[in-house]
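What follows is the residue order along each chain.
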Amino acid sequence: MKNSLPSTSVSHAVEVLKKEEVIAYPTEAVFGVGCDPDSEAAVNRLLALKQRPVEKGLILIAASYEQLKPYIDDSALTPEQRDTVFAAWPGPVTFVFPAKPSTPRWLTGRFDSLAVRVTNHPLVVELCEAFGKPLVSTSANLTGLPPCRTSQEVLAQFGDDFPVLIGETGGRTNPSEIRDALTGESFRQG
């Protein structure tokens, strides 16, 4: 059975996510693979798929800042730091926030922080709104291979049965920039 999800089928993507499975979807620059951040089983599937150690931590992508608040310690930021973050969002900038103590280690890895982004990609916004929360988001590629930029590349790397939300990436050439929300330090250029 072919599991490609037509772009009109955000509802089908949500059903796959609710089954604690991993899906692929277009983001600002490349396709991402993601899952329910509250499901340890789903995150473990994603980590196994990517051959990524849990210690590295993960990124959450969301439709709004409100969706991220259950995972990050918003109170640790000054109004000025918050203004700097909001000036970059929504968009392709990921910020590292202090994590709430309740945020699962399968998301934060060895850190007491969590990388998060409010996206401006319309299909991902629609997906996160329909799912009612953020998604774990990491580039769609197998270890040692380049990140996928089309749904065809996703299917070539992950197999014809991999669930893909069909759509176009945002056309950016580089992955999202990553900055520290508290210090402004840049960890990765965008």
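The structure displayed is predicted, hence computed values, not measured ones.

## Details of the overall build of the chain
Within the chain one finds 7 helices and 8 strands. A compact globule built from 190 residues should have a C-alpha radius of gyration of about 16 Å, and the chain, at 15 Å, falls within 12% of that. Its C-alpha atoms give the chain principal-axis dimensions of roughly 50 × 30 × 30 Å. Burial statistics for the chain: of 190 residues in total, 53% are counted as buried. Pairs at least 24 apart in sequence give 67% of the contacts found in the chain among residues at least 6 apart. Here the chain displays about 8700 Å² of accessible surface, and carbon together with sulfur accounts for 52% of that area.

## Examining the packing of helix α1 (residues 10-18) against helix α6 (residues 122-131)
Relative to each other, α1 and α6 sit at 55°, their axes nearing to 9 Å. Taken together, the axes of α1 and α6 are oblique relative to one another. Between α1 and α6 lies a crossing of right-handed hand. Mapping the contact onto sequence places Val10, Ala13, Val14, Leu17 and Lys18 in α1 and Leu123, Glu126, Leu127, Ala130 and Phe131 in α6.

## So, the environment of Asn174
Its location among the elements puts Asn174 in the loop between α7 (151-158) and β7 (177-180). Spatially, the C-alpha atom of Asn174 lies 28 Å from that of Thr103, the residues being 71 residues apart in sequence.

## A closer look at the pattern of salt bridges
One pass over the structure, following the stated rule, counts 7 salt bridges. Across the pair Arg82 and Asp74 runs a salt bridge whose closest N-O atoms are separated by 3.0 Å. The two residues Arg82 and Asp74 agree in class, both being buried. Across the pair Arg105 and Asp112 runs a salt bridge whose closest N-O atoms are separated by 2.9 Å. For Arg105, a relative accessible area of 47% puts it in the partly exposed group. Classification of Asp112 as exposed rests on a relative accessible area of 57%. Three or more residues are tied together by salt bridges with common partners; here these are Asp36, Asp38 and Lys133.

## A short note on the packing of aromatic side chains
Summed over all chains, the structure comprises 6 aromatic pairs. For the ring pair Tyr65 and Phe86, a centre distance of 4.8 Å and an interplane angle of 85° mean the geometry is edge-to-face. Separated by 21 residues along the polypeptide, Tyr65 in helix α3 (residues 65-68) and Phe86 in helix α4 (residues 79-88) bring together distant segments of the chain. Relative to Trp89, the ring of Tyr65 has its centre 6.1 Å away and its plane inclined at 50°; by these criteria the two rings are tilted.

## A word on α1
Helical geometry note: an α-helix holds 3.6 residues per turn, so side chains three or four residues apart project in the same direction. Listed as buried for α1 are Val10, Ala13, Val14, Val16 and Leu17. For α1, the angular spread of the buried residues around the axis is 160°, confining them to a single face. Those residues of α1 that are exposed and aimed more than 90 degrees away from the buried face are Ser11 and Lys18. Summarising the contacts, the buried residues of α1 are in contact with β1 (23-26), β2 (31-34), α6 and β6 (135-139). Phi for Glu20, located one or two positions after α1, is positive at around 65°.

What counts and how
Per chain, the residues get numbers from 1 upward, laid out in the order the sequence is written. The model is predicted, so local features are restricted to residues of pLDDT at least 70 and side-chain atom pairs to those at 80 or more, both for listing and for counting; the totals for chains, interfaces and linings are taken over all residues. With hydrogens and water set aside, each side-chain value is computed from the structure's full complement of heavy atoms. A run of DSSP states H or I qualifies as a helix once it reaches four residues; a run of E qualifies as a strand once it reaches two. Both are numbered from the N-terminal end. We compute the radius of gyration over the C-alpha atoms and compare it with the globule rule, which gives 2.2 Å times the number of residues raised to the power 0.38. Three exposure classes are used, based on accessible area relative to the maximum for each residue type with a 1.4 Å probe and protein chains only: buried under 20%, partly exposed in between, and exposed over 50%. Pairs of residues are marked as contacts when any of their non-hydrogen atoms sit within 4.5 Å. Areas reported here follow the Shrake-Rupley algorithm with a probe of radius 1.4 Å; residue values treat only the protein chains shown as occluding. As a rule, the C-alpha atoms of each element are fitted with a line to give its axis, helices using only the stretch in contact, and angles between N-to-C directions run from 0 to 180 degrees. Note on angle classes: values under 35 degrees are labelled roughly parallel, values over 145 roughly antiparallel, values of 65 to 115 roughly perpendicular, and the remainder oblique. It is the rotation of the near helix from the far one that decides the hand of a crossing: anticlockwise by less than a right angle makes it left-handed, clockwise makes it right-handed. The term salt bridge refers to a side-chain nitrogen of Lys or Arg lying within 4 Å of a carboxyl oxygen of Asp or Glu. By convention, a stacked pair of Phe, Tyr or Trp rings (six-membered ring in the case of Trp) has centres within 6.5 Å and planes under 30 degrees apart, an edge-to-face pair has planes over 60 apart, and any other such pair is tilted. The reported arc concerns the directions from the helix axis to the C-beta atoms and nothing else.

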